[in-house]
Amino acid sequence: MSNYHIKHLEEYYQVYRKSVRNPESFWEEIAEEHFIWRKKWDTVLEWDFSKPEVKWFQGAQLNITDNCIDRHLATRRNKTAILFEPNDPEEEAQHITYGQLHERVCKLANVLKDNGIKKGDRVCIYLPMIPELTYALLACARIGAIHSVVFAGFSSNAIASRINDSDCKMVITSDGSYRGNKSIDLKGIVDKALEECPGVQSVLVAKRIQSDIEMVEGRDKWLAPLMDDADSVCEAETMNAEDPLFILYTSGSTGKPKGMVHTCGGYMVYTAYTFKNIFQYREEDVFWCTADIGWITGHSYIVYGPLANGATSIMFEGVPSYPDFSRFWEVIEKHKVNQFYTAPTAIRALAKENLDYLEKHDLSSLKVLGSVGEPINEEAWHWYNNNVGKKKSPIVDTWWQTETGGIMISPIPYVTPTTPTFATLPFIGVQPALMDEEGKEIKGNQVEGRLCIKFPWPSIARTIWGNHERYRDTYFSAYKNMYFTGDGANRDAVGYYRITGRVDDVIIVSGHNLGTAPIEDAINEHQAVAESAIVGFPHDVKGNALYGYVILKETGESRDRDNVRKEINQQITELIGPIAKLDKIQFVSGLPKTRSGKIMRRILRKIASNDTSNLGDTSTLLNPEVVKEIMDNVL
Ligand code: 6R9
């Protein structure tokens, strides 16, 4: 018997050792005993981080929807698979059973085929958190089309560049979306994006807000009537384990977003296995991950991981503050949620509000609390533990990335004793290492370094779509034969990991990764701007907020500063999306630069954070005099 469900600490250590000593036989056992394959693999693992190349279950054939849907029909046909909780609490929740999920996914899969989508084609999905989003992912997976979900908060520009980067043939969207008391015209945003996307042949439109929208003749079709007419039988395509399942874009420190490619076999095995253990999921449980499916957390822990385990997974359309700040607690009580997985930024926002919002709800169903997206600070950890978990529900602080596909470092609840702000121990099969700046591994405990992973795990992203070289440069060139995460971490006396944050130019704002380069590009496109640099500074709700230093062109000098600030943020909203707006904009006459012309962000970061006691040696700068000017005028 394989160790699919770990129940105590000794077992964790024993299984961990096994997974590290003999990864291939370990993962082979898990894969064999808990998943449906149409053909078994020839080799469990082939890898070479210097190329880099990783192949799991090479030669095997499967379809992930057999595992996430069909295999449950015999025993769970009437069990709720997706529990849809709408934005408006007055609107009824929908319990979508495995039987219904099967039917709707098959119908949508047939609609995709009827509209010219074949195995290997890319489909862009730009939808709010409505059931059609889950159907769309699974329908693509069923016919072997590669989905590329773009978070429905991104701008036309951001959609267009993602569509073109991976040559999507189709877009699935909706007439609009609800967010709190606002509604957003998603279709209009898509229409604008598609002016730049000649490769898109068809657009399927789900109806959500009943708004009047324009439909482009010959290109746009309403989804509902097509699904009504579609056949409800759709044989799932046979996929190779290493065929791409999806592309998901993530920000890098430089350049355009990276289309991370995940493949069918390894991703399925790892997300299912982590879900089972890290949330200690049991058959009757109701699991709620509050992330949006537009991010990796939603892909892995709303859709694929839970469904592969036959779980009931809540899909929440709304926001924590609407109609008021009791919304999360109300949903937990209403659906008797057992596992609740959210982000530190949401915890901090809710912790600022009156405790009455929380205390009037019965949260006694909760067994496990999760955190993801950024380091959780001590105060937020205790608030979560005391008030939401009543000190009875362990907190799993789960560290992982879009690139890793699934959770990498995390406690196992009721198994691993937790320490506030520590992600604790590597999950089964994960071999972390801390590295120094010279490229040497730092052994032992009570040390700090850059976090790398030494050995492949099944759901590591295989490449960056269309740019394998960038994949190698970004993740495998800093340290020989290691995957470099971009994060710093320390290891305490008992070997627990604490992630300290990014060591590159990625800034995490409200749990969203933002690269500095694309935002600076957006600012620089403003006609009055000569140059700019952005850095993160601590923010009590968002974790980090963005601080921009902007040099105006001579022609811009006479402009009203507040108007320019507004226009810069408008520009960012248009080119990237509102999540990348700057909280503070300081106009400066120069930026501190090294002699080779590199902006010294370290100094700017310290100034923005009001931490100027130790700026380091600034005398070697090309222009040391600007530092004082910037400090004198800091906002
Ligand atoms: C899953 C996800 C990845 C980056 C990652 C790190 C930060 C995520 C964290 C955490 C500390 C945690 N991060 N979880 N930092 N503790 N529990 O968030 O993926 O959007 O790609 O972000 O998020 O910096 O490198 P993604």
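Residues numbered from 1 in each chain as written. Predicted model: local features only at pLDDT ≥ 70, side-chain atom pairs only at ≥ 80, totals over all residues. Heavy atoms only, no water.

Within an unreviewed UniProt entry, the label attached to the protein reads Acetate--CoA ligase, and the organism entered is Maribacter aquimaris. Turning to the protein, the UniProt annotation filed under Sequence similarities (unreviewed entry) states: "Belongs to the ATP-dependent AMP-binding enzyme family." (UniProt positions renumbered as here; feature names shortened; annotations may be inferred.)

Peer 1: How would you sum up the overall build of the protein? Please name residues and give values.
Peer 2: When its secondary structure is counted, the protein shows 20 helices and 30 strands. What you see for the protein is a C-alpha radius of gyration of 24 Å, in line with the 26 Å of a compact globule of 635 residues. With the principal axes as the frame, the protein shows a C-alpha extent of 75 × 65 × 55 Å. Split into buried and exposed, the 635 residues of the protein put 61% on the buried side. Nonlocal contacts in the protein, meaning residues at least 24 apart in sequence, comprise 71% of its contacts between residues at least 6 apart. Just so you have it, the protein exposes about 24,500 Å², and 46% of that area is on carbon and sulfur atoms. When the 71 basic and 85 acidic side-chain charges of the protein are each reduced to a single mean position, those positions are 3 Å apart. (Helix = DSSP H or I, 4+ residues; strand = E, 2+ residues; numbered from the N terminus. Rg over C-alpha atoms; globule rule 2.2 N^0.38 Å. Buried < 20%, exposed > 50% of the residue type's maximum accessible area, 1.4 Å probe, protein only. Contact = heavy atoms within 4.5 Å. Areas by Shrake-Rupley, 256 points an atom, 1.4 Å probe, with all protein chains shown as cover. Lys, Arg positive; Asp, Glu negative; His and termini not counted. Charge placed at Lys NZ, Arg CZ, Asp CG, Glu CD.)

Peer 1: I'd love a proper account of the environment of Ile 630, names of residues and values included.
Peer 2: If you trace the backbone, Ile 630 turns up in helix H20 (residues 625-632). Between the alpha carbons of Ile 630 and Ile 607 there is a distance of 7.9 Å; along the sequence they are 23 residues apart. Discounting chain neighbours no more than four positions away, the residues touching Ile 630 are Tyr 549, Gln 586, Val 588, Gly 590, Pro 592, Leu 604 and Ile 607.

Peer 1: Outline the packing of aromatic side chains, listing residues and values.
Peer 2: One pass over the full model with this rule turns up 48 aromatic pairs. Judged by centre distance (5.6 Å) and plane angle (75°), the ring pair of Phe 328 and Phe 340 falls under edge-to-face. Separated by twelve residues along the polypeptide, Phe 328 in helix H12 (residues 327-335) and Phe 340 in strand S18 (residues 339-342) bring together distant segments of the chain. Of the residues examined, Phe 328 reaches a relative accessible area of 3% and is grouped as buried. Clustering of aromatic rings is evident, with ring pairs tying together Tyr 4, Phe 26, Trp 27, Trp 37, Trp 41, Trp 56, Phe 57, Tyr 270, Tyr 273 and Phe 427. (Phe/Tyr/Trp six-rings, centres within 6.5 Å; stacked < 30°, edge-to-face > 60°.)

Peer 1: With reference to specific residues and values, describe the site of the ligand.
Peer 2: For the ligand, the set of nearby residues contains 17 residues, the closest of which are Asp 397, Thr 398, Thr 402, Asp 487 and Arg 502. In this structure, Pro 375 approaches the ligand through a main-chain N or O atom, which is 3.4 Å from a nitrogen atom. Contact with the protein chains removes 95% of the 530 Å² of surface that the ligand exposes when unbound. Looking at the shell around the ligand, the elements with two or more residues in it are helix H11 (296-308) and strand S25 (497-502). By residue class, the composition of the shell around the ligand is seven nonpolar, six polar and four charged. (Near = heavy atom within 4 Å. Polar contact = N/O pair within 3.5 Å; in protein donor to acceptor, adjacent residues only side chain to side chain. Nonpolar A, V, L, I, M, F, W, Y, C, P; charged D, E, K, R; others polar.)

Peer 1: Break down the pattern of salt bridges for me, with residues and values.
Peer 2: Here the structure, examined in full by the defined rule, presents 38 salt bridges. With a shortest N-O distance of 3.0 Å, Lys 256 and Asp 165 are connected by a salt bridge. Of this pair, Lys 256 sits in the loop between strand S14 (244-250) and strand S15 (258-263) while Asp 165 sits in helix H7 (residues 156-165), and the two are 91 residues apart along the sequence. Judged by its relative accessible area of 51%, Lys 256 falls in the exposed class. (Salt bridge = Lys/Arg side-chain N within 4 Å of Asp/Glu carboxyl O.)

Peer 1: Describe the sheet that holds strand S24 (residues 483-491), with residues and values.
Peer 2: The antiparallel open sheet is built from four strands, whose spatial order is S21-S22-S24-S25. Of all strands in the sheet, those bounded by a partner on one side alone are strand S21 (432-435) and S25. Between one strand axis and the next, the sheet turns by 45° as a mean value, whatever way the strands run. As defined by bridge partners, S24 adjoins S25 across five bridges and the pair is classed as antiparallel. In the strand pairing of S25, Asn 490 is matched with Arg 498. (Pairing = 2+ DSSP bridges. Axes fitted to C-alpha atoms, helices over the stretch in contact; angles between N-to-C directions.)

Peer 1: Can you tell me about the nonpolar core, naming the residues and giving the values?
Peer 2: Judged by nonpolar contacts, the single largest core of 126 residues is most densely connected at Trp 37, Phe 57 and Tyr 304. Excluding residues within four positions of it along the chain, Phe 57 makes contact with Trp 27, Ala 31, Trp 37, Trp 41, Thr 43, Val 44, Ala 241, Gly 265, Gly 266 and Val 269. Counting residues in each nonpolar core, the second largest holds 41 residues, with Ala 193, Leu 194, Leu 546 and Ile 585 among its members. (Core = buried A, V, L, I, M, F, W, Y, C linked by side-chain atoms within 4.5 Å.)

Peer 1: Can you tell me about helix H2 (residues 23-34), naming the residues and giving the values?
Peer 2: Taking 1.5 Å of rise per residue, twelve residues should cover 16 Å, and H2 covers 17 Å from first to last C-alpha, within 8% of that figure. Turning to H2, the residues buried within the fold contact helix H1 (9-21), strand S2 (53-58) and helix H10 (264-278). (Expected span 1.5 Å × (residues − 1).)

Peer 1: Provide a residue-level description of helix H16 (residues 468-475), including the pertinent values.
Peer 2: Every buried residue belonging to H16 is among Arg 470, Tyr 471 and Tyr 475, and all of these are buried. End-on view of H16: buried residues confined to an arc of 105°, all on one side of the axis. Here the buried face of H16 lies against S15, strand S23 (463-464) and S24. (Arc of directions from axis to C-beta.)

Peer 1: Break down the packing of helix H6 (residues 131-143) against H11 for me, with residues and values.
Peer 2: With their axes 11 Å apart at the nearest point, H6 and H11 run at an angle of 60° to one another. One way to sum up the angle between H6 and H11 is to call them oblique. With respect to the hand of their crossing, H6 and H11 are arranged in right-handed fashion. Here Thr 134, Leu 137, Leu 138 and Ala 141 of H6 come into contact with H11, specifically with His 299, Val 303, Tyr 304 and Leu 307. Grouping the amino acids of the contact of H6 with H11 by side-chain chemistry returns six nonpolar, two polar and no charged. (Parallel < 35°, antiparallel > 145°, perpendicular 65-115°, else oblique. Left-handed = near helix turned anticlockwise from the far one by under 90°.)

Peer 1: Can you tell me about the sheet that holds strand S28 (residues 529-539), naming the residues and giving the values?
Peer 2: The sheet built from three strands is open, its strands ordered S28-S29-S30 with mixed pairing. Lying at the two open borders of the sheet, with one neighbouring strand each, are S28 and strand S30 (584-587). In this sheet, neighbouring strand axes are inclined to one another by 25° on average, regardless of whether the strands run parallel or antiparallel. As defined by bridge partners, S28 adjoins strand S29 (residues 543-552) across ten bridges and the pair is classed as antiparallel. Paired with Val 529 across the bridge in S29 is Leu 552. The strands touched by helix H19 (residues 601-608) within the sheet are S28 and S29, with S28 carrying the most contacts at an inclination of about 55°.

Peer 1: So what's going on with the packing of H10 against H11? Residues and values would help.
Peer 2: The interhelical angle for the contact between H10 and H11, taken along N-to-C directions, is 90°, at an axis separation of 8 Å. When the axes of H10 and H11 are compared, the pair comes out roughly perpendicular. Between H10, through Tyr 267, Thr 271, Ala 272, Thr 274 and Phe 275, and H11, the contact on the second element is made entirely by His 299, Ser 300, Tyr 301, Tyr 304, Gly 305, Pro 306 and Ala 308. Within the contact of H10 with H11, the residues separate by chemical class into seven nonpolar, five polar and no charged.

Peer 1: Quick one: what's the story with the state of the cysteines, residue by residue and with numbers?
Peer 2: Tallied over the entire structure, the rule returns zero disulfides. This cysteine, Cys 140, is not joined by any disulfide, and Cys 168 carries the nearest cysteine sulfur, 9.4 Å off. Cys 197 carries a free sulfur, and the closest cysteine sulfur to it, the one in Cys 124, is 8.3 Å from it. (Disulfide = S-S within 2.5 Å.)

Peer 1: An account of the confidence of the model for the protein is needed here, citing residue identities and associated values.
Peer 2: Where the model shows low pLDDT, its predicted coordinates should not be examined in detail. Put simply, the protein has an average pLDDT of 95, and 99% of its residues get 70 or more. Among the prediction metrics, the complex's ipTM stands at 1.00, with pTM recorded as 0.92. (pLDDT = per-residue confidence, 0-100.)

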